[in-house]
Amino acid sequence: MAKTERKIFQPNPLTAMLIEGACDKDKGGTNISDFTNRAILSYYTPYNEALRKETEFIFQRIINEEEISAEELKATLARCVDILKNYPISDVTPLEQIFIHFTYKRGRRLRYDYIQIVDEQQDRILHRLNDVLKTVDEDFTYGTREFGERSRYVFEHWDQLCSYSEIYTALSTIIECEDIYYPLSIFRTVDLIKWLDNAVRDSSLEPIKTPFETNISLTDRYYGISYEVSVYHTDNGYAWLSGDINFDRMPNEIREYYQKYMNKGTVYGEATEEDLREITALEREGRMLFRRLNNPNKE
């Protein structure tokens, strides 16, 4: 680890008095270097026990001069956000700051690779989040598979959602699955955890463990799944996931799948249970086919 340049500290009258008292050798005081080191460490150590364990683990890695990768820092933040399911916060600011690192900022970036990233549990959590977001925001595109982008809708409706434990689990899952778009440093991660800790300390919310009450019509559900098929399981998705931009190597089973999708008639008016069963089966078939695709040129 590179040696930090010596810092010059100019105490004000109050801090000078406190330092002088703490470092008074005649009264068993410490030396100023030890006192300052402990004070800084104490400042960045969370009060919340669960968050404190995450920070102390990072501190120990630094003391041992171990490398900490960006992916490890991402996993730490995901765990810290999940901890909030038991300690909900009313101040959304620290979460907004965390998601600066996990939200794509250069236009729309469709996640054709969604189905190759999520496991069954993550998929269930994120589809459940879509139910919640569609309930609180009619303009939300039901069927969205992008990760960090969904946090914008969560934060816009924070007053309605902030007490629900499942929201923190969903945000944690987004972090687990999302790329890092803005670099994470060790200090930034420690500072974000401390920010969360302050929000926990200042919040009077009690966690609501029951699921948020959703209201998704049969027709909305149908069109949400139809959106998933038409956006993520068609030609753009195939080309991105396979690297076969000219469709020269397209497997017959995917050609047959496309034909099945094209032959499916448009639903006019309200969707029926049978319509929902058909589009659900089509989406499941598509995710099975697209999960197996491999783009040799993909980073």
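Reading the values: the criteria
- Residues numbered from 1 in each chain as written.
- Predicted model: local features only at pLDDT ≥ 70, side-chain atom pairs only at ≥ 80, totals over all residues.
- Heavy atoms only, no water.
- Helix = DSSP H or I, 4+ residues; strand = E, 2+ residues; numbered from the N terminus.
- Rg over C-alpha atoms; globule rule 2.2 N^0.38 Å.
- Buried < 20%, exposed > 50% of the residue type's maximum accessible area, 1.4 Å probe, protein only.
- Contact = heavy atoms within 4.5 Å.
- Areas by Shrake-Rupley, 256 points an atom, 1.4 Å probe, with all protein chains shown as cover.
- Lys, Arg positive; Asp, Glu negative; His and termini not counted.
- Charge placed at Lys NZ, Arg CZ, Asp CG, Glu CD.
- Axes fitted to C-alpha atoms, helices over the stretch in contact; angles between N-to-C directions.
- Parallel < 35°, antiparallel > 145°, perpendicular 65-115°, else oblique.
- Nonpolar A, V, L, I, M, F, W, Y, C, P; charged D, E, K, R; others polar.
- Salt bridge = Lys/Arg side-chain N within 4 Å of Asp/Glu carboxyl O.
- Polar contact = N/O pair within 3.5 Å; in protein donor to acceptor, adjacent residues only side chain to side chain.
- Core = buried A, V, L, I, M, F, W, Y, C linked by side-chain atoms within 4.5 Å.

A.B. asks: Break down the overall build of the protein chain for me, with residues and values.
C.D. replies: Tallying secondary structure elements over the protein chain gives 15 helices and 0 strands in all. Relative to a compact globule of 299 residues, whose C-alpha radius of gyration would be 19 Å, the protein chain shows 25 Å and is clearly more extended. In terms of its C-alpha atoms, the protein chain occupies a principal-axis envelope of roughly 90 × 45 × 30 Å. Taken across its 299 residues, the protein chain has 45% of its residues classed as buried. For the protein chain, the share of sequence-separated contacts (at least 6 apart) that also reach a separation of at least 24 residues comes to 78%. For the protein chain, the computed accessible surface area is about 17,300 Å², with 50% contributed by carbon and sulfur atoms. Between the mean site of the 38 positive side-chain charges and the mean site of the 52 negative ones, the protein chain shows a separation of 3 Å.

A.B. asks: Hey, could you go over the packing of helix α4 (residues 70–83) against helix α10 (residues 165–177) for me, with residue numbers and the actual values?
C.D. replies: With their axes 8 Å apart at the nearest point, α4 and α10 run at an angle of 175° to one another. Judged by the inter-axis angle, α4 sits roughly antiparallel to α10. Each of K74, L77, A78, R79, V81 and D82 in α4 lies in contact with α10, whose residues at this interface are Y168, T169, L171, S172, I175 and E176. Partitioned by chemical class, the residues of the contact of α4 with α10 number 6 nonpolar, 2 polar and 4 charged.

A.B. asks: Describe the environment of N297, naming the residues involved and giving the relevant values.
C.D. replies: Examined against the element boundaries, N297 turns out to sit in the segment after α15 (273–291). A residue is classified by how much of its surface remains accessible, and N297, at 66% relative accessible area, is exposed. In this structure the C-alpha to C-alpha distance between N297 and G243, which are 54 residues apart in sequence, comes to 6.7 Å.

A.B. asks: Tell me about the environment of T30, and please be specific about residues and values.
C.D. replies: Mapped onto the secondary structure, T30 falls in the loop between α1 (13–22) and α2 (32–43). Residue classification places T30 among the buried positions, given a relative accessible area of 15%. Along the chain, T30 and I19 lie 11 residues apart, while their C-alpha atoms are 9.6 Å from each other. Non-local contacts of T30, meaning those with residues more than four positions away in its chain, are made with A22, C23, K25, F35 and R38.

A.B. asks: So what about the pattern of salt bridges? Which residues, and what values?
C.D. replies: Under the criterion given, the structure shown has 23 salt bridges. Across the pair D179 and R109 runs a salt bridge whose closest N-O atoms are separated by 3.1 Å. Here R109 lies in the loop between α5 (93–99) and α6 (114–117) and D179 lies in the loop between α10 and α11 (186–202), a separation of 70 residues in the sequence. On the basis of relative accessibility, which here comes to 29%, the residue D179 falls in the partly exposed class. Where R111 meets D113, a salt bridge forms, and the shortest distance between an N and an O atom there is 2.9 Å. With respect to class, R111 is no different from D113; both count as buried.

A.B. asks: Can you lay out unusual backbone geometry for me, pointing to particular residues and giving the numbers?
C.D. replies: Peptide bonds are trans in most cases, and residues, glycine excluded, mostly fall at negative phi. Positive phi values are uncommon outside glycine, yet E65 reaches one of about 60°. Locating E65 in the fold gives a position in the loop between α3 (49–63) and α4. Exposure remark for E65: the relative accessible area of 60% places this residue in the exposed category. Positive phi is not limited to glycine here, since F247 has a value of about 60°. Looking at where F247 falls in the secondary structure, it is placed in the loop between α13 (235–242) and α14 (252–263).

A.B. asks: Lay out the side chain of T234 in plain terms, naming residues and giving numbers.
C.D. replies: Residue placement: T234 occurs in the loop between α12 (218–232) and α13. For T234, a relative accessible area of 12% corresponds to the buried category. Discounting chain neighbours no more than four positions away, the residues touching T234 are V229, Y258, Y261 and F290.

A.B. asks: Residues and numbers for the side chain of E283, please.
C.D. replies: Inspection of the secondary structure puts E283 in helix α15. Polar contacts involving the side chain of E283 include one to the side chain of R287, which spans 2.9 Å. Setting aside its immediate chain neighbours within four residues, E283 contacts R145, I225, E228, V229, H233 and Y257.

A.B. asks: How would you summarise the nonpolar core if you had to cite specific residues and measurements?
C.D. replies: Counting residues in each nonpolar core, the largest one holds 49 residues, and the members touching the most others are I89, L95, I98, V154, W158, I167 and L171. If you list the elements that add at least two residues to this core, you get α3, α4, α5, α7 (120–136), α8 (149–156), α9 (158–161), α10 and α11. With 7 residues, α10 is the single largest residue contributor to this core. Leave out the neighbours within four places in its chain, and I167 touches L129, V132, V154, W158 and L161. Counting residues in hydrophobic clusters, the runner-up holds 22 residues, among them Y222, V231, Y258 and L282.

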